[in-house]
Amino acid sequence: MNLFNGKTVTVILLSVLLLGVLYCYMYQSYRVVPLEQEVVRPDSSLKYTQPSIVQGRTDVVTVTPWLAPVVWEGTFNPVLLDSIYKSKNISIAATVFAVGKYTMFLKDFLETAEQHFFVGFRVHIYVFTDRPNEVPQVKLAAGRQLTVRSVPSSKRWQEISARRMELIQTLIEEKLRNHADYIFCLDVDSKFHGRWGTESLGGMVAVVHPGYYRDSRSRFPYERRPKSRAYVAHGEGDFYYCGGAFGGVLHEVHLLAKTCRSNFEADAKEGIEAAWQEESHLNRYMWINKPSKVLSPEYLWQDFKSRNPEIHIIRFSGVVKNYAEIRPNA
Ligand code: 5GW
Ligand code: MN
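Residues numbered from 1 in each chain as written. Chains lettered and ligands numbered in written order. Predicted model: local features only at pLDDT ≥ 70, side-chain atom pairs only at ≥ 80, totals over all residues. Heavy atoms only, no water.

On to helix H6 (residues 277–288). Because the α-helix completes a turn every 3.6 residues, residues three or four places apart line up on one side. For H6, spanning 12 residues, the distance from its first C-alpha to its last is 17 Å, which sits close to the expected 16 Å at 1.5 Å a residue. Of all 12 residues making up H6, 9 are buried, and the element is well covered by its neighbours. Within the sequence span of H6, burial applies to Gln-277, Glu-278, Glu-279, Ser-280, His-281, Leu-282, Asn-283, Tyr-285 and Met-286. Where the residues of H6 are buried, they touch helix H4 (157–176), strand E7 (204–208), strand E8 (241–249) and helix H5 (250–269). (Helix = DSSP H or I, 4+ residues; strand = E, 2+ residues; numbered from the N terminus. Expected span 1.5 Å × (residues − 1). Buried < 20%, exposed > 50% of the residue type's maximum accessible area, 1.4 Å probe, protein only. Contact = heavy atoms within 4.5 Å.)

Here is the structure:
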């Protein structure tokens, strides 16, 4: 019997090949762990107080029934979070509208954003205004930018409101793709008072409205007419979210803006305007498509409201405004 006939040689060669492949595969899978551990952050960022798994805030709900975190002071470590996102070299866009006399709010908004909004990160603020010459000169830190985009004047709030979603949609399509990772859309009649940073980042992010967060949902000012595309039925809805602040990753906010805009316009064609315009559409959208992160009312308080005990910090708050003075036709 010839041990070295063609068949045996083939079998031996195939076995060697198989062992080789197996070895490479095992070697790889053993390596995966150390390789991943090599991508560590600087030592100092790994030293922080031990997180507890049994103690934390008990006075507020810190997770939704669909397991999205609800961000409250005391639920996160800002230094740890910043170090995680620093290594990803993220950039954050923010939109703010200042049409008509609302340009008067820009100075405080922009100056306080410098002090509190994603400090140390790449931030690009887009101001949409019909009065570009009234945009104040604010000194920006390195890595931070401001762009002014002209929009037509409008006397009707409904028009401004409707166009907000449209302008957010087209900004993302035309400018932001491949230039920003996250976007936040904020009301201009507000100021930052405390940190608003990486703890707020998520796929789709909504802020719980300060005016309704302790109420039963039967009292939420959702759009209640079924013929509107912003309709939320009685007995439905999670929270009442603010129209004055929302955000998330680019593609999520793009879809949100596009959907809200088309629902808003389809309603308008039928002569319907939702109770709180785009805030109503946003609330409907967030009911159907749950936000992946919910920000507590720390992230949009109102200056006229006294601070409730569960509010340990006010990060962003709407100023008290004189409606007669600033609003057209008011
Ligand atoms: C708002 C209401 C009635 C008429 C006009 C306006 C208006 C809103 C305006 O004239 N110019 C303008 O830039 N806005 C933008 O929409 C601002 O960014 C403003 O922060 C946002 C939402 O309107 P607010 O802040 O008056 O609404 P509330 O519900 O926060 O009081
Ligand atoms: Mn506002």
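Further notes follow.
Here we come to unusual backbone geometry. Positive phi, normally seen in glycine, also occurs at Asn-89, with a value near 50 degrees. One can find Asn-89 in the loop between helix H2 (78–86) and strand E2 (91–98). For Asn-89, a relative accessible area of 49% puts it in the partly exposed group. You will see that Asn-178, though not glycine, has its phi angle at about 70 degrees, which is positive. Along the chain, Asn-178 falls in the loop between H4 and strand E5 (182–186). Residue classification places Asn-178 among the exposed residues on the basis of a relative accessible area of 79%.

Time to look at the pairing of E5. Taken across its 5 residues, E5 has 5 buried, putting it largely inside the fold. Because side chains alternate across E5, one face comprises the buried residues Tyr-182, Phe-184 and Leu-186, and the other comprises Ile-183 and Cys-185, equally buried. Pairing of E2 with E5, which is carried by 5 bridges, proceeds in the parallel orientation. By the bridge assignment, Thr-95 is partnered in E5 with Cys-185. Where E5 lies against E8, 5 bridges are found, and the strand directions are antiparallel. Within E8, the position partnered with Leu-186 by the bridge is Ala-245. (Pairing = 2+ DSSP bridges.)

Turning to its location among the elements, Lys-321 is positioned in the loop between strand E11 (316–318) and helix H7 (323–326). The class of Lys-321 is buried, set by a relative accessible area of 17%. A distance of 2.7 Å separates polar atoms of two side chains, one belonging to Lys-321 and the other to Asp-189. Beyond its immediate chain neighbours, meaning those up to four positions away, Lys-321 contacts Tyr-102, Phe-105, Asp-189, Ile-326 and Arg-327. (Polar contact = N/O pair within 3.5 Å; in protein donor to acceptor, adjacent residues only side chain to side chain.)

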